[in-house]
Protein chains: 2
Amino acid sequence: MQVAVLGCGVVGRGTVDLLTENAAWIAARAGEAVTVKYILERRELPDCPYADKIVRDFDVIVSDPEVGMVIEAMGGSHPAYEFSLRALEAGKHVVTSNKEVVANFGTALLEAAEKNGVQYLFEASVGGGIPVLHSLAEDLSGNVIDSIAGILNGTTNFILTEMFTKGKSFADALADAQARGYAEANPAADVEGLDACRKIAILTAVATGVLVPTEAIHTEGITAIRAEDVRAAESVHCAIKLLGRMVRTERGETFLMVAPFFVPRTSPLYTVSDVFNGVLVHGNFVDDVLFFGRGAGAAPTASAMVGDVMHVASGGAPVHRPWKRADAGAVTDFAHFACRRYVALEGVEQGAAAVIFGAVEPLAVEDGIAFLTDEISESEFFDKLARITAAGGKLLSHIRVL
Amino acid sequence: MQVAVLGCGVVGRGTVDLLTENAAWIAARAGEAVTVKYILERRELPDCPYADKIVRDFDVIVSDPEVGMVIEAMGGSHPAYEFSLRALEAGKHVVTSNKEVVANFGTALLEAAEKNGVQYLFEASVGGGIPVLHSLAEDLSGNVIDSIAGILNGTTNFILTEMFTKGKSFADALADAQARGYAEANPAADVEGLDACRKIAILTAVATGVLVPTEAIHTEGITAIRAEDVRAAESVHCAIKLLGRMVRTERGETFLMVAPFFVPRTSPLYTVSDVFNGVLVHGNFVDDVLFFGRGAGAAPTASAMVGDVMHVASGGAPVHRPWKRADAGAVTDFAHFACRRYVALEGVEQGAAAVIFGAVEPLAVEDGIAFLTDEISESEFFDKLARITAAGGKLLSHIRVL
């Protein structure tokens with residue numbers, strides 16, 4: 001099979017490297033050779049060993065009947081979406097790592113794939129090299145999935161691990177992540193949770209068949225987490241992790257969120273540290289399954305891209321059926337989401353706070369007071385908080401407990 | 001699609017339960033209903049809610065053209081192998097959890113499946129509900145897999161966890177496992193490593209395409225592990241785990257083994273405790289990936305069985321190509337396997353041992369002496385041990401280090 005790779009950045013280059021380096025192995029496993037015919041790239045790359053494959057015009061690729069598959073590694077929504085759609089409409093399979101396109105346009109692209117008898121595959125868009133999407137779509141598909149909790153962003157997990165193990169502030173840990181190349185100069189998409197939000201939207205769509213728009217997902221980042229909060233978490237044997245979560249309750253509610261959580265030492269997610277990702281899935285028969293590995297980087301992402309290529313090359317049936325767009329009731333109002341909560345306050349006594357918050361577990365902190373509440377909903381929490389602020393108290397921190 | 005289930009024991013019953021309880025969900029996901037037409041069972045099961053489906057004659061199943069798939073949950077080699085072969089030859093897909101049959105007869109059964117245009121699937125035979133085989137066969141298949149290390153047997157992991165967390169002896173921990181129903185009255189297949197041996201043979205066959213006979217795999221159990229060894233491991237931040245391992249070295253050697261190992265706290269396998277299983281796979285692009293979950297039990301095993309059923313029902317291509325039988329050079333002589341080693345001796349001084357074993361890291365133990373060696377091969381180790389015993393020393397324990 002001949003393929004074209006769109007983009008020769010970190011991921012595109014890594015995918016071509018994998019297809020080249022493991023070519024004999026791949027041909028033997030897939031039953032046929034997988035050859036890169038074109039690489040679409042605007043930049044001049046004089047030192048690139050694949051310079052002879054580079055083209056600048058997508059029309060060359062989409063109009064070439066020898067190209068059976070397009071591997072999209074451009075990033076960003078446009079023109080990645082338009083090129084993907086055109087490739088599918090031209091009867092070419094599309095494999096991508098582009099979570100922005102999958103989260104925003106996955107429904108349309110899966111429809112186009114089905115209509116044209118080809119596949120749209122995106123294992124690399126979530127969890128880098130970790131094969132969680134294919135497992136959810138197929139191996140675990142006999143289960144009703146009632147919970148997904150994922151550490152889905154390596155940059156924020158590195159920052160939180162530095163804060164936990166070295167006592168750093170958020171600002172210092174971010175600067176360190178930037179110095180190591182783990183965080184971009186503009187880290188907003190990572191530290192404000194948007195990247196994890198796209199990924200939990202995709203995971204949920206694969207598990208349930210319904211794609212929820214990212215705007216409908218309650219999303220918080222980690223920028224407000226204080227070194228004091230990390231120490232307080234540690235005092236109750238928890239680490240703070242940024243989680244993407246899907247929760248279906250027994251009452252039929254479905255909650256989607258991205259937020260930092262206190263993760264107890266007994267959870268398999270507790271030890272997922274540094275730049276690693278981990279996705280904990282709970283199904284009604286399989287119970288807990290954890291997938292763990294490198295969530296980013298050229299080689300792991302290329303591994304997932306090529307896994308999708310192998311699926312197509314070996315004649316595999318469509319992994320994903322077209323998703324439904326979420327209707328108004330697909331996600332329950334986040335105000336009803338109930339959990340235990342870590343609360344840090346100043347300007348109020350522990351006794352006064354206990355009157356308002358009921359039975360609480362006090363934590364020893366240097367400034368102000370802090371405690372864990374019983375399970376209360378978002379709206380209950382903010383009602384109680386309003387009484388605290390009315391009495392002159394001030395919220396320092398509020399982090400949910402897994 | 002109509003299916004027949006062979007055996008109504010724990011796994012067979014669990015699989016029928018899943019297909020029944022999640023029937024609407026499964027029909028929606030697979031695009032067609034999956035209905036159990038027959039259950040093959042010799043025993044009288046008057047209280048079984050599926051009594052109307054029970055038949056006693058396999059011929060009824062194999063000769064019924066409405067049965068498109070056979071789910072084998074009998075256990076043991078015979079007649080499970082013969083029934084599986086006859087079903088495949090009759091053009092029926094076969095799904096199984098039977099690791100004994102897969103490890104012993106997988107090559108012949110995959111050939112029969114290919115010849116008859118159907119599939120032989122066995123996700124449930126390794127790691128219970130954990131989807132590691134399908135991931136290895138497809139998602140990670142662009143990688144050359146150079147290492148697999150798996151905690152593949154829940155019974156022994158429970159025993160080792162009890163020894164680690166509660167300081168129990170092997171005998172006490174085994175008795176406790178038996179009392180809880182985790183270990184059978186005759187626990188030999190578990191505690192002597194045979195169960196894990198079958199599973200590493202299957203994992204390796206899926207990753208490499210070559211099935212190595214279990215007799216060619218170096219297999220040790222955990223019966224000789226002493227409470228002192230567990231404490232010594234803990235003193236160097238290790239836990240003792242029974243691992244199935246496949247290792248391909250840069251020199252082109254391939255080693256297969258089942259043995260207890262010192263697993264350092266930095267390994268993702270360290271926290272895989274109690275009855276849980278974990279499989280750590282290393283590929284040349286994806287780096288480390290860990291799969292973690294329940295390795296046994298009715299519901300998780302049923303989840304994996306039904307995942308395979310869904311693969312077939314949704315028109316999936318064959319997951320596994322026929323395996324090659326291992327030739328003489330497929331596995332390197334275990335005498336050449338090199339690693340660090342924990343050694344406990346009596347009747348010899350630490351100084352004398354150091355002369356023979358070279359630079360070693362001494363460990364504090366109550367009786368005799370103990371130390372960690374540098375990386376040495378099996379043959380080197382036994383040569384040195386012969387010199388120790390010639391000098392009146394005696395081996396108390398020898399455990400490899402991961």
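Keep in mind the model is a prediction, meaning the values are calculated, not measured.

**Details of the sheet that holds strand E3 (residues 54–55) of chain B**
Residues and elements named next belong to chain B.
- Within the open sheet, the 6 strands sit side by side as E3-E2-E1-E4-E5-E6. Their pairing is parallel. The open sheet is flanked by E3 and strand E6 (120–121), the only strands paired with a single partner.
- Bridge count between strand E1 (residues 2–6) and strand E2 (residues 35–40): 5 bridges; the pairing is parallel. Counted as the bridge partner of Val-5 is Ile-39 from E2.

**A few points about the interface of chain A and chain B**
- Contact with chain A, which involves 44 residues of that partner, is made by 44 residues of chain B.
- Elements with a contribution of two residues or more to the side of chain A that touches chain B: helix H2 (23–30), helix H6 (132–139), strand E13 (287–294) and helix H12 (298–313) of chain A.
- Counting residues per element, the side of chain A that touches chain B draws most heavily on H12 of chain A, at 9 residues.
- The residue inventory of the side of chain A that touches chain B, partitioned by class, reads 21 nonpolar, 16 polar and 7 charged.
- In this sheet, strand E13 (residues 287–294) of chain B lies alongside E13 of chain A in antiparallel orientation, the contact comprising 5 bridges. Residue pairing for E13 of chain B: Val-289 of chain A is matched across the bridge by Gly-293 of chain B.

**So, the sheet that holds strand E5 (residues 93–96) of chain A**
Residue and element names in this part refer to chain A.
- On the basis of which strands lie adjacent, the open sheet formed by 6 strands has the order E3-E2-E1-E4-E5-E6 and parallel pairing. At either end of the open sheet lies a strand with only one pairing partner, and these are strand E3 (54–55) and strand E6 (120–121).
- As paired elements, strand E1 (residues 2–6) and strand E4 (residues 67–72) share 5 bridges and run parallel to each other. Residue Val-5 lies in a different strand from E4, and its bridge partner there is Ile-71.
- Strand contacts of H12: E1, E4, E5 and E6, with the helix running at about 160° to E5, the strand carrying the most contacts.

**Regarding the environment of Gly-393 of chain B**
All names here are of chain B.
- For Gly-393, the location among the structural elements is in the loop between helix H14 (378–390) and strand E20 (394–401).
- Residue class for Gly-393 comes out buried when judged on the 20 C-beta atoms lying within 10 Å of it.
- For the pair formed by Gly-393 and Gly-347, sequence separation is 46 residues and the distance between their alpha carbons is 4.5 Å.

Reading the values: rules and limits
- All residue numbers refer to positions counted from 1 along the written sequence of the respective chain.
- Note on labels: chains are lettered from A, ligands numbered from 1, in written order.
- Per-residue local features of the predicted model are confined to residues with pLDDT of at least 70, and side-chain atom pairs are confined, for both listing and counting, to 80 or more; whole-chain, interface and lining totals are unaffected and use all residues.
- Strand pairing is assigned whenever DSSP detects at least two bridges linking the two strands.
- Put simply, DSSP marks the helices as runs of H or I at least four residues long and the strands as runs of E at least two long, and each gets a number from the N terminus on.
- Two residues form a contact once the distance between their C-beta atoms, set from the backbone, is within 7 Å.
- For this scheme, ten residues count as nonpolar: Ala, Val, Leu, Ile, Met, Phe, Trp, Tyr, Cys and Pro. Four count as charged, namely Asp, Glu, Lys and Arg, and the remainder, Gly too, count as polar.
- Axis lines are fitted to C-alpha atoms, over the contacting stretch for helices. Their N-to-C directions set the angle, which ranges from 0 to 180 degrees.
- Partly exposed residues are those falling between the two cut-offs: more than 12 but fewer than 20 other C-beta atoms within 10 Å of their own, whereas 20 or more means buried and 12 or fewer means exposed, with C-beta atoms placed from the backbone.

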